[in-house]
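# Structural features, examined
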Amino acid sequence: MSDNRSTILDCSLSLFAAKGYDAVGVQQIVEAAGIKKPTLYHYFGSKRGVLEALMHEQFSPFLGRMKEAATYTGDLPLTLQRVVESYFQFAMREPTLYQMHLAAWYGNPENEASQVITPAIQEQHQLLEAMFRQAAKNHGNMRDRHQVYAASFLGMINTYVVQAAHHQVELNAETVKKALQQFSYGIYS
């Protein structure tokens, strides 16, 4: 029954985000989902398979939207705005998934969750690096800084998302504007 599959994904996501991937066992997932272990193994093969499915099915569509948002069309402020808005919208729409993603990202790079999530992290960086590399053609002072800009831009975005999760800021148009002003001041100087 595909309803079991969705329930397993939903319960796993909640548990992974709340406790951390490493702290959650298959037994906890099946108890939360109200199923037996063979059902989880039938759909996903393992706990890692559950995480891989979450990333593929729920995070990959965001990466597709990011690819569109980060396409540089000659207007860097507009492109940066589209990227920030995309991240903020995703973080508001899927806060638990984003929280799980960040926890694995900033966790031990040797653990299984990090290994599963790292390709998505790398893709985000590659999209942003490509955007900054393209923009450098119009902004000479940015040349050869695409990696640093991508890392600092994404770090800034994630900091705002974490602050929003802690109810310190709202992810709205005003926050987008402030974030862009803060970042742009540094790259244009």
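An account of the accompanying structure is given in this report. Values in this document were obtained by computation on a predicted structure and should not be read as measured data.

### Some thoughts on unusual backbone geometry
Here Asp144, not a glycine, exhibits a phi torsion of approximately 65°, which is positive. Among the structural elements, Asp144 can be located in the loop between α7 (112-135) and α8 (146-165).

### Points about the environment of Ala69
Along the chain, Ala69 falls in helix α4 (residues 47-69). For the pair Ala69 and Leu127, spaced 58 residues apart in sequence, the C-alpha separation works out to 9.5 Å. Not counting chain neighbours up to four residues away, the residues in contact with Ala69 comprise Thr79, Arg82, Val83 and Ser86.

### Overview of the packing of α7 against α8
Contact pair α7 / α8: the axes reach a minimum separation of 8 Å and the direction vectors enclose 125°. Relative to α8, α7 is oriented oblique. In this structure, α7 crosses over α8, and the sense of that crossing is right-handed. Contact residues: Gln124, His125, Leu128, Glu129, Met131, Phe132 and Arg133 in α7; His146, Gln147, Tyr149, Ala150, Ala151, Phe153 and Leu154 in α8. Looking at the contact of α7 with α8 residue by residue, the classes come out as 8 nonpolar, 4 polar and 2 charged.

### Observations concerning the pattern of salt bridges
Applying the stated rule across the entire model yields 3 salt bridges. Its salt-bridge partner being Glu57, residue Arg5 comes within 2.5 Å of it at the nearest N-O pair. Of this pair, Arg5 sits in helix α1 (residues 2-19) while Glu57 sits in helix α4, placing them 52 residues apart in sequence. By relative accessible area, Glu57 is classed as partly exposed at 34%. Salt-bridge contacts for Arg48 lead to Glu52; the nearest nitrogen and oxygen are separated by 3.0 Å. Here Arg48 pairs with Glu52, and both are found in helix α4, just 4 residues apart, close to one helical turn. Its relative accessible area of 26% is what places Arg48 among the partly exposed residues.

Criteria and cut-off values
Residues numbered from 1 in each chain as written. Predicted model: local features only at pLDDT ≥ 70, side-chain atom pairs only at ≥ 80, totals over all residues. Heavy atoms only, no water. Helix = DSSP H or I, 4+ residues; strand = E, 2+ residues; numbered from the N terminus. Contact = heavy atoms within 4.5 Å. Axes fitted to C-alpha atoms, helices over the stretch in contact; angles between N-to-C directions. Parallel < 35°, antiparallel > 145°, perpendicular 65-115°, else oblique. Left-handed = near helix turned anticlockwise from the far one by under 90°. Nonpolar A, V, L, I, M, F, W, Y, C, P; charged D, E, K, R; others polar. Salt bridge = Lys/Arg side-chain N within 4 Å of Asp/Glu carboxyl O. Buried < 20%, exposed > 50% of the residue type's maximum accessible area, 1.4 Å probe, protein only.

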